[in-house]
Structure formats: structure tokens, C-alpha cells
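# Close look at the chain arrangement
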Amino acid sequence: MSTAQALIVDDEPDIRELLELTLGRMNVETLSAADLSSARTLLGEHHFDLCLTDMRLPDGDGLSLVEHIQTRYPDLPVAVITAHGNMETAVQALKLGAFDFVSKPVDLQVLRNLVNGALRLASFADHDRRSRDTLLGDSAIMQTIRSTIAKLARSQAPVYISGASGTGKELVARLIHAKGPRNDRPFVPVNCGAIPAELMESEFFGHKKGSFTGALNDKEGLFQAAAGGTLFLDEVAELPLHMQVKLLRAIQEKAVRPVGEQKEIPVDVRLLSATHKDLTRLVASGDFRQDLYYRINVIELKVPSLRQRREDIPQLALHIVAKLANEQAIDTPQLSGAAMESLQRYGFPGNVRELENILERALTLSEGRDIQPEDLALPQTDSGEKQSEDTASLSEPPEGVPLEDYLETIERQAILKALDQCDNNKTAAAKVLGITFRAMRYRLKKLGLE
């Protein structure tokens, strides 16, 4: 295997020497340039596996070099060196396609993590990044999503995955991780709404033994658990303001301080986040910090609702039925033409997750026969057309079904959906439903769901 080679672009001799020595100890050969013109010349004459560039150069800035590399050498990872605390520039570079950033004064461990990540990416260039068999759908919007995922997998930029509940935001996050060079490292998902506020700092950053009552041993946090891999913050809008401040610092400094520890510990994680809520509205209302919003939303990936890609419903439905039949060790039933038409007319306020729940119920009701429209038991709108984005329109109970039974069915579906969304955490599910935990327990007992 040939030795990796890096291009270092900085007009300060001391910085160039520090970077050359550090990379040399990592068995990475280096060539250096003091300005943009020299850097462009070297790029045209040599093959590089990594480029490190300062932002301020005598004949321009590092951003123009990032753009030049993206245009001429799109497979070359380029990282920028920014002044301490100048995250705006780092974010701008990431938006332009930079692989990562490091702040001055350069922390050598952070630098080594960055170089190792870039070299993994260079050796990962020919990896199969297709996701058609995992993220199903041949609609134009889904083809665009899959293409975007392949591009995002090559970057370290924070990605904010937006979309309604049930659209598959975690699946998208897992694919960004799986299709990138960190795929052999941990993928750590965390539901921010499921962690009690008083335990958040310990859960995210860890704690030292004796740092508070009940801290009987040292504990690593979620950032440390995701070391070298990806940390996925699901429902990031649920973070309380005090935790948003600490998360912002962890992102900017690429380091965390466990509770009870005196110094910060460098961490190397790719940060992905998601929520079904409108973060811009929460920023406007003061419930979400604007500076954190800009840090996690360097790149936004919008996951479409199912009603935005109705042409994918047949493929999804057939796949889900086959999967459920395999899990239940039964022959795969067919979806009748009428049943498929009913699915394509339905609004799916709960998106793909609701489609899965409907088909699981239909598989039970059909008793092994072909699935008919009545097995789907779809709620109907007055007009028979698609439902609104957030709520399902309710009609009168089906003929022969008592009102009380019908309402219990709706209540059961809402609770099961909330529990599924919150990974079966009853406290978080109660919050989603807007009821108290005590009321949640009562309803679970009443409906036989405990």
C-alpha cells in the first residue's frame, strides 16, 4: 500500500512545521504551500489524499481553495484551519464541501482524528454507496434523497434531517453512517425527549465517580460511546436550553467535559440530528438557540412524507407484507387490486410507520387470505381523498361497530404510535400525546397494553 500524501497550505512557517511533524509521525508524506497560487500548482502536479488549508492566505482565502478542489478534485478531502472561536467561517467551509475543520491553536489529538478520518475516506472512495435496496422507492424525490445521502456520507459536516413523524429519519441517518468511512465504528442513536433533564449532562458527557449522589462509578457518556462513529440526536428539539448550551460547546470545541472532571476530553464523532418539529419556529419563539440551530443545520436533508411520493406505496406495501410474513413464518399473502387502490388513496398522516402498522393489522385480519380493503380498516375522510399533514380526519364508526369500541381503537392506535415513536418510553410517549404520565398509565391499563 502506497504512503498517503497531504497538501498543507498555510503562510505561517511555524504552523506548517507543526502540521508536517504531526503528519510525518503518522507516516503521511507532506508537501507545503504558503499561498493559493502555489497550492493550485501543486494540486495539478501531484496526487493528494488530504488537503489542510488555513483560511487567511496572502493571495486570497481558504474558501476559494475549497471551491477549487470541489470543482477540480471532488474526491479529495479538504479540511480548513480556522481562528479560535470563528465557527461561522468553519460552517461556511463545510457548506462549500469541506470535509472537516480544526481550530487554532491546533489540538494535536483533534488533528490526528481529522487526518485518520480523511484517510479512511480516501480508501473508501470505491465503496458501494447505493441504498436503493434499503431506502425503498423509485420516485424522483427518493432518487434525489439517495443521491444526497451518498454525497453526505463523504463529509463530516453536521446534518439536520427534517420530516414528519414516521417518514424514516433514523433510517436515513443510519444510511449516512453506513455509506461513509465511519461504518465500522459505532452508530449511537439517542431520543433526546426520553432522557430526564436532570440526567442529560451525565448521559451525554459521562461522569466521574463521586461527582454527585448516586455516581458510584465512572461512566462514559454518549459522545464517548460514539467515538470514531456517529451520534444521532433524534428529536433534538426536546433538548432543554441549558443542555443546548453545553451541546453547542461540544460541537465547537470537539471536546466534552464529564461531570466532576476538571479538563475536557477530545471526542471524534459525526453528529446527525433530527426532529419532526419546526426548528425555525422554535428559534423564533426562543425555545431553541439560534447559534445551535446553525451548527447542527450546516446541511439540511428533508425526508418527504408518504403522500408526497404516492407512486412508491405499492413497492413499499409489497416489501412490508413480505417482511411481516417472513417474520411470522407464513406464506406471503397477496394485496388485492382494490386493497392497493385503497392504500394509494389514503392520506397516511403517520407516513411509512403507519403503513407498516396498517399492514401488520391487515395480515392478522386476513387470516392467510389475500388482503382485501376491509382487512386494512383504513380511517375514511368525508371526501375519500387525502388527509391533512398533521391529523387524520375521522368519520362515523363503520357499520355495526359501537362508538365506544371505535374510539378505543383510535385511542389504542394513537398510544401505540407514540410508544413506537419514543422507543417504548412511556414518559416520553405521554409527553408526545400531551397527557400526564399518570393518565398514560391509566389508559394503558384500560386498553390492556401494559
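Bringing the state of the cysteines into the picture now. Going through the model one piece at a time under the given rule, you end up with zero disulfides. No disulfide involves Cys192; its sulfur sits 12 Å from that of Cys422, the nearest cysteine.

To continue, consider the packing of helix H3 (residues 62–72) against helix H4 (residues 87–96). Between H3 and H4, whose axes approach to 9 Å, the crossing angle comes to 15°. By the criterion of interaxial angle, the relationship of H3 to H4 is roughly parallel. Read as a crossing pair, H3 and H4 show a hand that is right-handed. Across the interface between the two elements, Leu63, Val66, Glu67 and Gln70 from H3 touch Thr89, Gln92, Ala93 and Leu96 from H4.

If you add up the space inside the second largest pocket, you get close to 900 Å³. Lining the second largest pocket are 37 residues, with Gly168, Leu171, Val352, Arg353 and Glu356 sitting closest to its centre. Contributing elements (two or more residues each) for the lining of the second largest pocket: helix H6 (140–152), helix H7 (169–178), strand S9 (187–191), helix H13 (313–327), helix H15 (351–366) and helix H17 (403–421). Grouping the amino acids of the lining of the second largest pocket by side-chain chemistry returns 14 nonpolar, nine polar and 14 charged.

A side chain with one charge can pair with a side chain of the opposite charge if their charged atoms come near. Applying the stated criterion across every chain yields a total of 20 salt bridges. Of the charged contacts, one joins Lys246 and Glu201 as a salt bridge, the two residues approaching to 3.6 Å between their closest N and O atoms. Highlighted residues: Lys246 in helix H10 (residues 241–253) and Glu201 in helix H8 (residues 200–205), separated in sequence by 45 residues. Residue Lys246 is classed as partly exposed on the basis of its relative accessible area of 31%. What emerges from the salt-bridge pattern is a single network uniting Glu12, Asp54 and Lys104.

Rules used in this analysis
Per-chain numbering applies: the sequence of each chain, read as written, is numbered from 1 onward. With the structure being a predicted model, the display of local features is reserved for residues of pLDDT at least 70 and the display and counting of side-chain atom pairs for 80 or more, all residues being used for whole-chain, interface and lining totals. In computing side-chain properties, one takes all heavy atoms of the structure into account and sets aside hydrogens as well as water. A pair of sulfur atoms, both from cysteines and within 2.5 Å, is called a disulfide here. For helices, the axis comes from a line fit to the C-alpha atoms of the stretch in contact; other axes are also lines fit to C-alpha atoms, and the angle between any two N-to-C directions lies between 0 and 180 degrees. Helix and strand definitions follow DSSP, with helices as H or I runs of at least four residues and strands as E runs of at least two, each counted in order from the N terminus. We call two directions roughly parallel when the angle between them is under 35 degrees, roughly antiparallel when it is over 145, roughly perpendicular when it lies between 65 and 115, and oblique otherwise. By definition, turning the near helix anticlockwise from the far helix through less than a right angle yields a left-handed crossing, and turning it clockwise yields a right-handed one. Contact definition: two residues touch when any of their heavy atoms are within 4.5 Å. Cavities and pockets are found on a 1 Å grid laid over the protein atoms alone: a cavity is a set of points where a 1.4 Å probe fits but cannot escape, a pocket is an open set with protein on both sides within 12 Å along at least five of seven lines, and a lining residue has an atom within 4 Å of such a point. Grid points are joined across faces, edges and corners, and a volume is the space filled by probe spheres set on the points. Only Asp, Glu, Lys and Arg are considered charged, only Ala, Val, Leu, Ile, Met, Phe, Trp, Tyr, Cys and Pro nonpolar, and every remaining residue, Gly among them, polar. Here, a salt bridge means any Lys or Arg side-chain nitrogen found within 4 Å of an Asp or Glu carboxyl oxygen. Using a 1.4 Å probe on the protein chains alone, a residue whose accessible area is under 20% of its type maximum counts as buried, one over 50% counts as exposed, and one in between counts as partly exposed.

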